[in-house]
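What follows is each chain in one-letter form.
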Amino acid sequence: MQTFNFYSAEGFRLFPCHIDKTPRVNSWRSSEAHIDAEDAEEIAAKGGFVGAWLPSNYVVIDIDRGHKNGIDGYAVFEKLCAKLGVDADIAEKTMAVKT
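Along every chain, residues carry numbers that run from 1 in the direction the sequence is written. Per-residue local features are limited, in this predicted model, to residues with pLDDT of at least 70; the limit for side-chain atom pairs, both in listing and counting, is 80 or more; totals at the level of whole chains, interfaces and linings are taken over all residues. To obtain the side-chain values, all non-hydrogen atoms of the structure were included, while hydrogens and water were left out.

### Quick word on the side chain of His-34
To qualify as a helix, a DSSP run of H or I must reach at least 4 residues; to qualify as a strand, a run of E must reach at least 2; elements of each kind are numbered from the N terminus. You can see His-34 is positioned in the loop between strand 1 (13–17) and helix 2 (37–45). In this structure the side chain of His-34 is engaged in a polar contact, spanning 2.8 Å, whose partner is the backbone oxygen of Trp-28. Apart from residues no more than four positions distant in its own chain, His-34 is found in contact with Arg-13, Leu-14, Trp-28, Arg-29 and Trp-53. Nitrogen and oxygen atoms within 3.5 Å of one another constitute a polar contact, given that in protein one can donate a hydrogen and the other can accept it, and given that sequence-neighbouring residues count only through two side-chain atoms. In what follows, residue pairs with any heavy atoms lying within 4.5 Å of each other are defined as contacts.

The following block contains the structure:
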């Protein structure tokens, strides 16, 4: 439950999702739809999915890898970082998840 506790402590609002990552609740922005870390852990332990509404001080970069078209999102990310003068190993220093 450490991961879900971290998310909750950081201000993420958790909600149950379908397998296609769409919310299982009518309004995932509504506080009534949010679940606590313990409920999120229970859903995940049963093979379910949990989504998160991110706080405004977080940025998400979606780097897709392993697509059938052969494009490696990380290679594209590295090129973008070089162009912008950003250290590409930022991805190694942050949290990453596989979805």
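### Let's talk about the nonpolar core
Here, nonpolar core refers to any group of buried Ala, Val, Leu, Ile, Met, Phe, Trp, Tyr and Cys residues whose side-chain atoms link them within 4.5 Å. Here's how the labels work: a residue is buried when its accessible area is under 20% of the maximum for its type, exposed when over 50%, partly exposed in between, all with a 1.4 Å probe on protein chains only. By size, the foremost hydrophobic cluster in this structure holds eight residues: Phe-4, Tyr-7, Phe-12, Leu-14, Ile-35, Ala-37, Ala-40 and Ile-43. For this core, the secondary structure elements donating two or more residues are helix 1 (2–9) and helix 2. The greatest single-element share of this core, amounting to three residues, is contributed by helix 2. What Ile-43 contacts, discounting residues up to four positions off in sequence, is Pro-16, Arg-24, Ile-35, Gly-48, Phe-49 and Val-50.

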